[in-house]
Amino acid sequence: MPVERIEGFRTDRGDQQTSGQEAEEELERGLLLTTLDKAVSWARKQSMWPVTFGLACCAIELMTTGTSKYDLARWGMELFRASPRQSDLMIVAGRVSQKMAPVLRTIYDQMPEPRWVISMGVCASYGGMFTNYAIVQGVDTIVPVDVYVPGCPPRPEMLMYGILRLHEKVQKEGRFR
Ligand code: SF4
């Protein structure tokens, strides 16, 4: 009886040791993945390439944001790509007409994952002053929107603030996992 107890105890200790090792390995894996995740998220947010996609008057401010005065290059964003295949950010700058809606969705679908969307200006966000049948009443009815930038039109500083908020979101998301 005492021997069995001792053996049982040994077995228990052995299990405990095994589970302890597993926990340590799991912890190391977790730490490694978390660190890698942070590094990947940091690289992603520091090298977003927006797709060239201006729809209306808001696009003038969007273009201004890319000039040397505001310098989007500080965040690795100086390259507005002509191809959605090379882009991971869509900035919807201006009102979206019903005719343009399927085009917008197609371009979004052609962008590789992970991808993000900023709705720039009141027209893109909810139709703005264009409360009529010709204009989509919010681009989020077509594509998922990550950040809404208010204003008519939003100044470059506002767009940059929206971009920085998106960066925070990307860093927290950790999509690598
Ligand atoms: S929010 Fe103002 S500036 Fe932007 S598309 Fe609408 S009307 Fe034009």
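Scroll up to find the structure this text is about.
Our subject in this report is the structure included herewith. Only a predicted model underlies this, so the values are computations on that prediction, with no experimental measurement involved.

What counts and what doesn't
Residues numbered from 1 in each chain as written. Predicted model: local features only at pLDDT ≥ 70, side-chain atom pairs only at ≥ 80, totals over all residues. Heavy atoms only, no water. Near = heavy atom within 4 Å. Nonpolar A, V, L, I, M, F, W, Y, C, P; charged D, E, K, R; others polar. Helix = DSSP H or I, 4+ residues; strand = E, 2+ residues; numbered from the N terminus. Buried < 20%, exposed > 50% of the residue type's maximum accessible area, 1.4 Å probe, protein only. Polar contact = N/O pair within 3.5 Å; in protein donor to acceptor, adjacent residues only side chain to side chain. Contact = heavy atoms within 4.5 Å. Pairing = 2+ DSSP bridges. Axes fitted to C-alpha atoms, helices over the stretch in contact; angles between N-to-C directions. Expected span 1.5 Å × (residues − 1). Arc of directions from axis to C-beta. Core = buried A, V, L, I, M, F, W, Y, C linked by side-chain atoms within 4.5 Å. Right-handed = clockwise from strand over helix to strand, strands pointing away.

Lining the immediate surroundings of the ligand are Ala56, Cys57, Cys58, Gly94, Arg95, Val122, Cys123, Met129, Gly151, Cys152 and Pro153. Class assignment of the residues belonging to the shell around the ligand gives a composition of eight nonpolar, two polar and one charged.

Within the secondary structure layout, Ser87 lies in the loop between helix 2 (58-65) and strand 2 (89-93). Classification of Ser87 as buried rests on a relative accessible area of 2%. Looking at Ser87, its side chain comes within polar contact range of the main-chain oxygen of Ser83, at 2.9 Å. Not counting residues within four places of it along the chain, the set of residues in contact with Ser87 comprises Trp49, Pro50, Val51, Arg81, Met111 and Pro112.

Looking now at the sheet that holds strand 4 (residues 147-149). The strand order 1-2-3-4 describes an open sheet built from four strands, whose pairing is parallel. Only two strands of the sheet have a single partner each, and these edge strands are strand 1 (50-51) and strand 4. In this structure, strand 3 (residues 116-120) lies alongside strand 4, joined through three bridges in parallel fashion. By the bridge assignment for strand 4, Ser119 is matched with Tyr148. Along the sheet, helix 3 (residues 101-110) contacts strand 1, strand 2 and strand 3; its crossing angle with strand 2, the most-contacted strand, is approximately 165 degrees.

Now for helix 5 (residues 156-173). Taking 1.5 Å as the rise per residue, helix 5 with 18 residues should run 26 Å; its terminal C-alpha atoms sit 25 Å apart, in good agreement. Along helix 5, the positions that sit buried rather than exposed are Pro156, Leu159, Met160, Gly162, Ile163, Leu166, His167 and Val170. Along the axis of helix 5, the buried positions cluster into a sector of 155 degrees, meaning they face one direction only. Residues Tyr161 and Lys172 are exposed on helix 5 and point more than 90 degrees away from its buried face. In the segment just after helix 5, Gly174 is the residue with positive phi, at about 55 degrees.

Of all hydrophobic cores here, the largest spans 21 residues; its most connected members are Leu89, Ile118, Leu159 and Leu166. Where this core is concerned, the elements lending two or more residues are helix 2, strand 2, strand 3, strand 4 and helix 5. Top element by residues in this core is helix 5. It accounts for five residues. Apart from the residues lying within four places of it in its own chain, the contact partners of Leu166 are Met48, Leu89, Trp116, Ile118, Asp146 and Val147. Among the nonpolar cores identified, the runner-up in size contains 18 residues, and Phe53, Tyr108, Val117 and Val145 belong to it.

Right, let's talk about helix 2 for a bit. Those residues of helix 2 that fall on the buried side of the exposure criterion are Cys58, Ala59, Glu61, Leu62 and Thr65. The buried residues of helix 2 occupy one face: seen down the axis, they fall within an arc of 155 degrees.

Relative to the helices and strands, Arg81 resides in the loop between helix 2 and strand 2. Discounting chain neighbours no more than four positions away, the residues touching Arg81 are Trp49, Pro50, Val51, Thr52, Gln86 and Ser87.

The next subject is the pairing of strand 2. Extensive coverage of strand 2 is indicated by the burial of five of its five residues. Residues Leu89, Ile91 and Ala93 line one face of strand 2 and the alternating positions Met90 and Val92 line the opposite face, and both faces are buried. The pairing of strand 1 with strand 2 spans two bridges and is classified as parallel. Counted as the bridge partner of Val51 is Met90 from strand 2. At this point the chain moves from strand 1, through helix 2, to the parallel strand 2, and the crossover so formed is left-handed. Where strand 2 and strand 3 come together, five bridges link them in parallel fashion. Bridged to Met90 within strand 3 is Val117.

On their own, these measurements won't tell you what the molecule is for.
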